[in-house]
Structure formats: structure tokens, C-alpha cells
Amino acid sequence: MQNKKITWPDGKLFAFTVFDDTDLETVKNAMPVYSFLKDNGFLTTKSVWPIKRQQTPSIGGDTCENPEYLAQVKSLQANGFEIAFHNATFHTSTRQETLRGLQKFHDYFGRWPKSMANHADCQENIYWGENRLTGLNKLFYNILTRGRRINFYRGHVEGDPLFWADYCKKYITYVRNFVFEDLNTLKQCPFIPYHDPQRPYVNFWFASTEGAAVQSFNNALAEENQDRLEAEGGACIMYTHFANGFYLDGHLDKRFESLIKRLANKNGWFIPVSTLLDYLKEHNGEHIITHAQRAMLERKWLWHKIRCGTT
Ligand SMILES: [Zn+2]
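Since the structure is predicted, the reported quantities are computational estimates derived from the model, not experimental observations. (Residues numbered from 1 in each chain as written. Predicted model: local features only at pLDDT ≥ 70, side-chain atom pairs only at ≥ 80, totals over all residues. Heavy atoms only, no water.)

With that settled, consider the coordination of the zinc ion. For the zinc ion, the full set of protein donor atoms is Asp23 (OD), Asp23 (OD), His86 (NE2) and His119 (ND1), and the range of their distances to it is 2.1 to 2.5 Å. Between consecutive donors of the zinc ion, the numbers of intervening residues give the motif D-x62-H-x32-H. On the criterion of sequence distance, the pair formed by Asp23 in the loop between strand E1 (14–20) and helix H1 (31–39) and His119 in the loop between strand E4 (115–116) and helix H4 (135–144) is long-range, its members being 96 residues apart. We classify Asp23 as buried; its relative accessible area is 8%. Taking relative accessible area as the criterion, His119 reaches 1% and is therefore assigned buried. (Donors = N, O, S within 2.8 Å, 3.2 Å for Na, K, Ca; no water. Helix = DSSP H or I, 4+ residues; strand = E, 2+ residues; numbered from the N terminus. Buried < 20%, exposed > 50% of the residue type's maximum accessible area, 1.4 Å probe, protein only.)

Relative orientation and spacing of two packed helices are given, respectively, by the angle between their axes and the distance between those axes. Interhelical geometry of helix H8 (residues 223–232) versus helix H9 (residues 254–264) gives an angle of 25° and a closest axis separation of 11 Å. Considering their axes alone, H8 and H9 lie roughly parallel with respect to each other. Classified by chirality, the crossing of H9 by H8 is right-handed. Taking contact as the criterion, the partners of Glu223, Gln226 and Asp227 in H8 are, on H9, Arg255, Leu259, Arg262 and Leu263. A class-by-class count of the residues in the contact of H8 with H9 yields 2 nonpolar, 1 polar and 4 charged. (Axes fitted to C-alpha atoms, helices over the stretch in contact; angles between N-to-C directions. Parallel < 35°, antiparallel > 145°, perpendicular 65-115°, else oblique. Left-handed = near helix turned anticlockwise from the far one by under 90°. Contact = heavy atoms within 4.5 Å. Nonpolar A, V, L, I, M, F, W, Y, C, P; charged D, E, K, R; others polar.)

Next up on the list: the pairing of strand E7 (residues 204–210). Among the 7 residues that make up E7, 7 are buried, leaving the element largely enclosed by the rest of the structure. Across 5 bridges, strand E5 (residues 174–180) lies against E7 in parallel orientation. Counterpart to Val179 in the pairing with E7 is Ser208. By the bridge criterion, 2 bridges tie E7 to strand E8 (residues 235–240) in an arrangement that is parallel. The residue of E8 that forms the bridge with Thr209 is Met238. (Pairing = 2+ DSSP bridges.)

So, on to H4. Along an α-helix, residues three or four apart share an orientation, since each turn contains 3.6 residues. Along H4, the residues that are buried comprise Asn137, Tyr141 and Asn142. Burial along H4 is one-sided: seen end-on, the buried residues are contained in an arc of 140°. Facing away from the buried side of H4, by more than 90 degrees, are the exposed residues Gly135, Leu136 and Ile143. Buried residues along H4 sit against helix H11 (291–308). (Arc of directions from axis to C-beta.)

Attention now moves to a nonpolar patch on the surface. Nonpolar side chains collect at one region of the surface, where Phe140, Leu144, Trp303 and Ile306 lie side by side and expose about 390 Å² of accessible area between them. Of all elements in the fold, only H4 and H11 reach the threshold of two or more residues within the nonpolar patch. For Trp303, a relative accessible area of 54% puts it in the exposed group. (Patch = residues over 30% accessible without salt bridge, like charges linked within 9 Å, V, L, I, M, F, W, Y side chains within 5 Å. Areas by Shrake-Rupley, 256 points an atom, 1.4 Å probe, with all protein chains shown as cover. Salt bridge = Lys/Arg side-chain N within 4 Å of Asp/Glu carboxyl O.)

Below, the discussion takes up the environment of Phe140. Its location among the elements puts Phe140 in helix H4. C-alpha of Phe140 to C-alpha of His91: the two residues are 49 residues apart in sequence and 27 Å apart in space. Among residues more than four places away in sequence, those in contact with Phe140 are Leu302 and Ile306.

Taking every second residue as pointing to the same face, both faces of strand E2 (residues 45–48) are buried, with Thr45 and Ser47 on one and Lys46 and Val48 on the other. Two elements, E1 and E2, share 2 bridges in a ladder whose sense is parallel. Residue pairing in the sheet places Phe19 in a bridge with Thr45 of E2. Pairing analysis gives 4 bridges linking E2 to strand E3 (residues 82–85), with the strands arranged parallel.

So this is what it looks like as C-alpha cells:
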């Protein structure tokens, strides 16, 4: 049920985690950020692309086919970080290629991915683009995007060569959808994780906080927001790309460093995304979103998209 006060484990006062989309991450720029997080007591979620393919991506980065990179990601997993799925690779994949990507993920990490986020350049995304929205909100989105996203994403369309949503349902528990500016993700969407009967191939959706690049991440995590998150007993699932300005020219961003160190001194629960969502699912029950709740989320996200323009 929504709005029921959450009691966090071990007397913790709030929860904080990050879902990191792997765009532009390489053997050089990812590990310094993760070593820093680990040293400060944070376990978060890093997504990967399991396979590399022929086409040139508009947004590249290392895949698990680079042995050095794979070794780094496996060491993160061994240290308690969650490894998640960001599609099979950095561009569109057919059903067969997505299945190969999922199988490779299983081979590398010994399990199916528990959580995922759609990668914007992949047309096999599930319920993405206009399909994130319903009714008038969908119409408004299509006007806003000048119709460029109509029938663009088709991973959930049965019979389409890009269809793989049945495997998403079989293997993956949590998929990211709406992003908001509030550091307290749970305040903006109190019923995460939720099931949407209009989008049946996704078991449960989760929302996130806007932090796509270092500037927006730091803005969200500003001191007054940290204090409010703590006072509200809330939970943050930050949406980010750790390759996007967090580590440049051999140094971590100074503001990022000081904000994370400040947060580390608070009595927070710093666990990967799926651990948090499992706990919330247990607490909230397997929430099925109502029409009113869906309409509220969609409207709020459309305003966010108009203001911020990211996912
Ligand atoms: Zn991406």
C-alpha cells in the first residue's frame, strides 16, 4: 500500500542506491568511480552490454567481450555490486541477438539479470518511447516528439523480429521507467515496484531520480536534499551514467566526491537496486498500479521531460 511509513533494516534512516547505464564506460573510466563508492560503503547497480556487434554505435563503450572489462565487472559483482542489463549491446538487436546477449550474461555472471534499463538507441526496447504513455499523455508525447517515436520501439510487439518481451518476463524482475527530479524517488512514486496490467511483459517497474550526468547528479544530491531524504525516511534510486563527467583527466569530480562522502556519514541503507526493490516489494505487496496512479506518473514525467529532456 502506498504512503505506509517504511521501516528500514538495521535501524537505518533512509535508503540510497544508483542504477548506472553503461553508456561510454570503458576499462579506464568506470573503475575509479566504483572503487570510490566501495571505499565509502556504497553498493549500487552497474548495467552492462554482454555482447559486441558489427554496427558502429552512436553511443559506444566497452562490452563484456573485452576480457579486461569483464574481469573488472566480475570483481564488482564479487564485491557485492549488482550487475544489470542495458540491452544485449549498444545498438538494435533482433530477438536472436537479444537471447544470445541474455545467455552470455548468464554465462558471465552465473544468473539472469534481475534488473534492467532500456538503452535509448535500441529499437528492441520494451514499452519505450510513446509506449511509456497512455491515452492523451501518449498523444501529447507524440506531438512533443513530432511523431518520431511512433512504432519505433518494438521489443514488446509480438511477432516482430525485435520481440523479446516474453524473455524479459521470464528472466527479469525489475525494469526502469519514469525519472523525476526529487532525490526522494519513493516520495514521487510511493508504490515502487509496481506492475502495470497494460504492460504485462514487465513484471515490475521502478522509478528513478534524475542524475544522468555529473551536474544533475550533484544537483540532486546537494546537501539540503540529502538532509531532506534522511528526514523523510525516503529512498533514492539515482539514474545516471558514471562515464558522464564523474572521472576526468585522472580525477574524480570534486563536488561528487564531497557529496558522496557527506552521504556516507549518514545512517543510510546503501544497497543495490534489486535489494532495495525486493525489500519494498515485500513491504508494499506486489502493487498493481491504478489508472489514477498511472495518469499521475505519466503527467509528472511529461513535465520532467519538457524541463530536463533526458529519459
Ligand atoms: Zn544507455
